[in-house]
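# Examination of the molecular architecture
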Protein chains: 2
Amino acid sequence: MPKLGMPPLRRRALIDAAILTIGERGSLDVTMSEIAGRAGVSSALAHHYFGAKDELLQATMRHILSELNADMRKAFAASRTPRARVSAVIAVNFSETQFRPEIIAAWLAFYVEAQKSPSLRRLLRVYARRLHSNLMSGLTGLMPRLEAERVAEAIAALIDGLYIRRALKDGTPNAASAVVLVEDYLETKFLQHKKPA
Amino acid sequence: MPKLGMPPLRRRALIDAAILTIGERGSLDVTMSEIAGRAGVSSALAHHYFGAKDELLQATMRHILSELNADMRKAFAASRTPRARVSAVIAVNFSETQFRPEIIAAWLAFYVEAQKSPSLRRLLRVYARRLHSNLMSGLTGLMPRLEAERVAEAIAALIDGLYIRRALKDGTPNAASAVVLVEDYLETKFLQHKKPA
DNA sequence: TTTCATTGATTGATCAGTCAATTAAAAATA
DNA sequence: TATTTTTAATTGACTGATCAATCAATGAAA
């Protein structure tokens with residue numbers, strides 16, 4: 001039933017429609033009909049492909065996560081120094097493909113839903129761990145491990161915080177200033193370590 | 001109908017029940033019956049006092065906001081130096097009364113809902129502005145205004161990010177380490193300004 | 001001629017919101 | 001004070017709308 005064959009094009013269309021719909025509404029409180037309608041099919045077909053609404057939502061989150069991961073790998077492959085790796089993590093999180101209103105709104109909605117849904121929580125935890133280890137991979141070359149842990153935690157919190165703020169269209173309007181803000185924090189930390197006094 | 005008299009004790013009980021229910025579920029997706037039931041009354045009574053569910057939710061957010069504000073005023077009144085004022089803002093946001101699971105979960109849920117509801121968005125914007133001006137009131141005494149703006153933005157993002165992470169029970173388990181993290185950022189910034197280079 | 005894609009129609013559950021009826025409290029009147 | 005009248009608190013039962021999920025039916029590939 002979950003259609004493992006090669007052209008899961010309807011699945012993909014439904015996932016894209018889900019992202020769009022969730023992003024527009026800013027909440028997972030969307031109906032199967034809305035999603036299906038946007039994908040140009042009936043709600044019955046959405047159920048045919050995904051079974052329950054829950055599974056469509058999970059597939060959608062997985063898709064967003066895997067896109068982010070792919071971007072991250074690419075950026076990492078092009079980074080030679082530890083310093084560049086850290087900047088790559090930041091850059092990808094605020095890249096044009098990731099830091100878009102629909103994606104941000106979807107992220108936020110999924111974060112909330114994760115409090116209810118163990119499977120979504122598991123998904124997000126995997127992402128969090130990956131982010132952490134990516135950050136550490138750069139930071140450990142630049143400062144003591146304990147300090148690196150703290151900085152990684154701070155950067156992760158900053159990213160989450162900037163996402164939220166962006167979702168509310170409050171502060172930090174554009175991606176560029178978000179990057180500047182995080183990089184500035186990083187740079188300050190490095191200075192502090194080069195001349196420790 | 002909204003009962004303006006002195007003992008709106010039912011209203012208060014319902015708001016408390018709403019916080020608890022929302023906090024437990026981690027989402028605004030709670031029924032009037034659940035909330036009313038926890039407050040020990042019928043759902044019809046909840047409607048009698050608040051009209052629509054929306055209004056109960058708004059009153060709940062307003063209540064959380066005003067408690068935070070009261071705490072903030074108190075802490076501010078006791079702070080004499082600019083430096084102390086900044087620390088007060090941080091301390092209050094991570095105080096025992098604010099950094100509790102129910103409150104955090106409720107915050108997050110309201111953030112998401114704010115994307116749909118203009119009135120909630122307005123409420124949160126007021127809070128954001130107040131936080132910003134509170135932070136600036138301390139920071140402007142310690143660094144150039146432009147830099148202060150950026151630091152205030154970063155602190156606000158850090159706070160939001162740490163709240164989210166706490167909601168997911170991921171990183172940053174306790175309030176103490178959250179304060180340490182933000183204070184560490186601050187301290188680094190100050191050092192940078194005392195010996196600029 | 002079997003398997004897959006697709007849908008319209010339907011079902012069952014869940015809820016917000018309403019309402020008429022009941023009890024209790026408060027105010028007015030005797 | 002006792003008694004009637006008014007007002008407020010409170011609920012169970014009901015309604016209408018919304019939706020996820022199902023299914024039998026139809027058409028199209030393979």
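Please read all numbers here as calculations on a predicted model, not as lab measurements. (Residues numbered from 1 in each chain as written. Chains lettered and ligands numbered in written order. Predicted model: local features only at pLDDT ≥ 70, side-chain atom pairs only at ≥ 80, totals over all residues.)

## Side note on the overall build of chain A
As a reminder, the rule being used: Helix and strand assignments come from DSSP, with helices taken as H or I runs of at least 4 residues and strands as E runs of at least 2, each series counted from the N terminus. Here a residue counts as buried when 20 or more other C-beta atoms sit within 10 Å of its C-beta, as exposed when there are 12 or fewer, and as partly exposed otherwise, the C-beta atoms being derived from the backbone. The contact criterion used is a C-beta to C-beta distance within 7 Å, with each C-beta placed from the backbone.
Helix and strand counts for chain A come out as nine helices and zero strands. Ordered by position in the sequence, the α and β elements of chain A form the string α-α-α-α-α-α-α-α-α. With respect to the three principal axes, the spread of C-alpha positions in chain A is 65 × 35 × 30 Å. Out of the 197 residues in chain A, the part that is buried amounts to 41%. Counting contacts in chain A only where the partners sit at least 6 residues apart, residues at least 24 apart contribute 61% of the total.

## Observations concerning the protein's contact with DNA strand C
Going by this rule: Proximity of a residue to a molecule or strand is defined by its backbone-placed C-beta atom lying within 6 Å of that partner. Charged means Asp, Glu, Lys or Arg here, nonpolar means Ala, Val, Leu, Ile, Met, Phe, Trp, Tyr, Cys or Pro, and polar covers whatever is left, Gly included.
Around DNA strand C sit 14 residues, and of these Val41 and Ala44 of chain A together with Thr31, Ala52 and Lys53 of chain B come closest. Of all the secondary structure elements, the ones that give two or more residues to the surface near DNA strand C are helix 3 (43-50) of chain A together with helix 2 (32-39) and helix 3 (43-50) of chain B. Ranked by residue count, the leading element in the surface near DNA strand C is helix 3 of chain A, at three residues. Residues of the surface near DNA strand C, tallied by class, amount to six nonpolar, five polar and three charged.

## Focus: helix 4 (residues 53-77) of chain B
All names here are of chain B. Rule in force here: Expected span of a helix: the number of residues minus one, times 1.5 Å.
Spanning 25 residues, helix 4 covers 36 Å between terminal C-alpha atoms, matching the ideal 36 Å at 1.5 Å per step. Restricting attention to buried positions, one finds in helix 4 the residues Leu56, Leu57, Thr60, Met61, Ile64, Leu68 and Met72. Among the structural elements, helix 1 (9-25), helix 3, helix 5 (82-93), helix 6 (101-114) and helix 7 (118-139) are those in contact with the buried residues of helix 4.

## Notes on the packing of helix 6 of chain B against helix 8 (residues 145-167) of chain B
To describe two helices that pack against each other, one gives the angle between their axes and the distance between the axes. Residues and elements named next belong to chain B. Basically, it comes down to this: The angle between two axes is taken between their N-to-C directions and runs from 0 to 180 degrees, where each axis is a line fitted to C-alpha atoms and a helix contributes only its stretch in contact. An angle below 35 degrees is treated as roughly parallel, one above 145 as roughly antiparallel, one from 65 to 115 as roughly perpendicular, and anything else as oblique. With the far helix as reference, a near helix turned anticlockwise by less than a right angle produces a left-handed crossing, and one turned clockwise produces a right-handed crossing.
Look at helix 6 against helix 8: their axes get within 9 Å of each other, and the N-to-C directions meet at 115°. In terms of their interaxial angle, helix 6 and helix 8 are classed as roughly perpendicular. Classified by chirality, the crossing of helix 8 by helix 6 is left-handed. Along the contact surface, helix 6 presents Ile104, Ala105, Trp107 and Leu108, while helix 8 presents Tyr163, Ile164, Arg166 and Ala167. For the contact of helix 6 with helix 8, the class distribution of residues is seven nonpolar, no polar and one charged.

## Looking at the protein's contact with DNA strand D
Every one of the 14 residues lining DNA strand D counts as a neighbour, but Thr31 and Lys53 of chain A together with Val41, Ala44 and Leu45 of chain B are closest to it. Of all the secondary-structure elements, those providing two or more residues to the surface near DNA strand D are helix 2 (32-38) and helix 3 of chain A together with helix 3 of chain B. Here the surface near DNA strand D takes three residues from helix 3 of chain B, the largest share from any one element. Of the residues in the surface near DNA strand D, the class split is six nonpolar, five polar and three charged.

## What to know about the relation of the copies chain A and chain B
Rules: Superposition of the copies used a least-squares fit over C-alpha atoms from residues whose pLDDT is at least 70 in both.
Rotating chain A by 180° about the axis while translating it 0.0 Å along that axis superimposes it on chain B, leaving an RMSD of 0.0 Å. Taken together, the rotation and translation relating the two chain copies correspond to the operation of a two-fold axis. Considering only C-alpha atoms, the residue of chain A closest to the rotation axis is Gly161 of chain A, which sits at 1.9 Å. By residue overlap, the copies meet face to face through one surface: 100% of the interface positions of chain A are interface positions in chain B.

## So, the interface of chain A and chain B
Every contact between the two is made by 39 residues of chain A and, on the other side, 39 residues of chain B. Every element with two or more residues in the side of chain A that touches chain B is listed here: helix 6 (101-114), helix 7 (118-139), helix 8 (145-167) and helix 9 (175-194) of chain A. Top element by residues in the side of chain A that touches chain B is helix 8 of chain A. It accounts for 13 residues. Here the residues of the side of chain A that touches chain B sort into 20 nonpolar, eight polar and 11 charged.

## A closer look at the nonpolar core
Our working definition: We define the nonpolar core as any set of buried residues of the types Ala, Val, Leu, Ile, Met, Phe, Trp, Tyr and Cys, connected via C-beta atoms lying within 7 Å of each other.
Membership of the largest hydrophobic core comes to 122 residues, with the highest contact counts inside it found for Leu108 and Leu158 of chain A together with Leu108 and Leu158 of chain B. Apart from residues lying up to four places away in sequence, Leu158 of chain A is in contact with Val182 and Tyr185 of chain A together with Ala154, Ala157, Leu158 and Gly161 of chain B.

## Looking at the environment of Asp184 of chain A
As for its placement among the helices and strands, Asp184 of chain A is situated in helix 9. Sequence spacing of Asp184 of chain A and Ser117 of chain A is 67 residues, and the spatial spacing of their C-alpha atoms is 36 Å.

Shape descriptors only; they carry no functional weight alone.
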